[in-house]
Amino acid sequence: MKKTILFFIGIALAFCACDNDDDEKIYIIKYVVRANTDSAIQMLWPTPKPIFWIKNYYECSDTIKESDATYSAYIECRCEDTVTIMTGEIYIDGELKVTKDAKSWLKVSYQFK
């Protein structure tokens, strides 16, 4: 009887065993877009909705697990006003990784791996 109980406890523990993802590194990504004028800028990525307009500053954050960090952190936006200079910045864990300035169309990316 004791062997049967121990057998079922062993089976239950075997099914309950799983990877412990609590130790996995989590990256905090911060996206920042700045502009030198108040002209309307259309954010294409990252955005909370399909069509998203900003004036001269936008910031948002996201997190990603280390095992998923094989993609690029990416900013894309555009502005019809050719005088406006847009600056895109990508921070990973509080450290500035890439910055870029552009007129009309801004694309900034950071490749994790």
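Here is what the cut-offs are and how they apply
Residues numbered from 1 in each chain as written. Predicted model: local features only at pLDDT ≥ 70, side-chain atom pairs only at ≥ 80, totals over all residues. Heavy atoms only, no water. Helix = DSSP H or I, 4+ residues; strand = E, 2+ residues; numbered from the N terminus. Buried < 20%, exposed > 50% of the residue type's maximum accessible area, 1.4 Å probe, protein only. Areas by Shrake-Rupley, 256 points an atom, 1.4 Å probe, with all protein chains shown as cover. Core = buried A, V, L, I, M, F, W, Y, C linked by side-chain atoms within 4.5 Å. Contact = heavy atoms within 4.5 Å. Pairing = 2+ DSSP bridges. Axes fitted to C-alpha atoms, helices over the stretch in contact; angles between N-to-C directions. Salt bridge = Lys/Arg side-chain N within 4 Å of Asp/Glu carboxyl O.

*Asks:* Before we go on, may I ask you to explain the overall build of the protein in this structure?
*Replies:* Regarding its fold elements, the protein presents 1 helix and 8 strands. Sorting the 113 residues of the protein into buried and exposed places 30% on the buried side. Approximately 7,700 Å² of the protein is accessible, and the part contributed by carbon and sulfur atoms is 57%.

*Asks:* Explanation requested: the nonpolar core in the structure shown.
*Replies:* Soluble globular proteins tend to bury their nonpolar side chains together. Within the largest apolar cluster, 23 residues are counted, with the highest numbers of intra-cluster contacts made by Ile29, Met43 and Ile90. Taken together, the elements giving at least two residues each to this core come down to strand E1 (26-35), strand E2 (41-45), strand E3 (52-54), strand E4 (57-65), strand E5 (72-78), strand E6 (85-92) and strand E8 (105-111). It is E1 that contributes the most residues to this core, 5 residues altogether. In contact with Ile29, other than residues within four places in its own chain, are Cys60, Ser61, Asp62, Ile64, Tyr71, Ala73, Ile90, Tyr91, Ile92 and Phe112.

*Asks:* Can you help me understand the sheet that holds E4 in this one?
*Replies:* Consider a sheet: its strands pair through backbone hydrogen bonds, and that pairing is either parallel or antiparallel. The 4 strands are arranged E4-E1-E6-E7 in an open sheet whose pairing can be described as antiparallel. Sheet topology places E4 and strand E7 (95-103) at the edges, where each strand pairs with a single neighbour. On average, each strand axis in the sheet is inclined to that of its neighbour by 15°, with strand direction left out of account. Bridge count for E6 against E7 is 8 bridges, and the pairing is antiparallel. In the strand pairing of E7, Ile85 is matched with Lys103.

*Asks:* Explanation requested: the sheet that holds E2 in the structure shown.
*Replies:* Read from one edge of the open sheet, 4 strands run E3-E2-E5-E8, paired in antiparallel fashion. Of all the strands in the sheet, just E3 and E8 have a single pairing partner and so form its edges. Neighbouring strand axes in the sheet, compared pairwise and without regard to direction, differ in orientation by 25° on average. One ladder, built from 3 bridges, connects E2 with E3; its direction is antiparallel.

*Asks:* Looking at this model, I keep getting lost on the environment of Gly94. Mind explaining?
*Replies:* In this fold, Gly94 is placed in the loop between E6 and E7. We classify Gly94 as exposed; its relative accessible area is 69%. Placed 66 residues apart in sequence, Gly94 and Ile28 show a C-alpha to C-alpha distance of 7.6 Å.

*Asks:* What's the story with the pattern of salt bridges in this structure? I'm lost.
*Replies:* Close approach of charged atoms lets side chains of opposite charge pair. Per the counting criterion, the structure on display carries 4 salt bridges. When the shortest N-O distance is used, the salt bridge between Lys25 and Asp93 registers 2.9 Å. Here Lys25 is found in the loop between helix H1 (2-16) and E1, whereas its partner Asp93 is found in the loop between E6 and E7, with 68 residues between them in sequence. Take Lys25: its relative accessible area is 37%, and that puts it in the partly exposed class. One salt bridge connects Lys97 with Glu95, and the closest N-O pair in it is separated by 3.5 Å.

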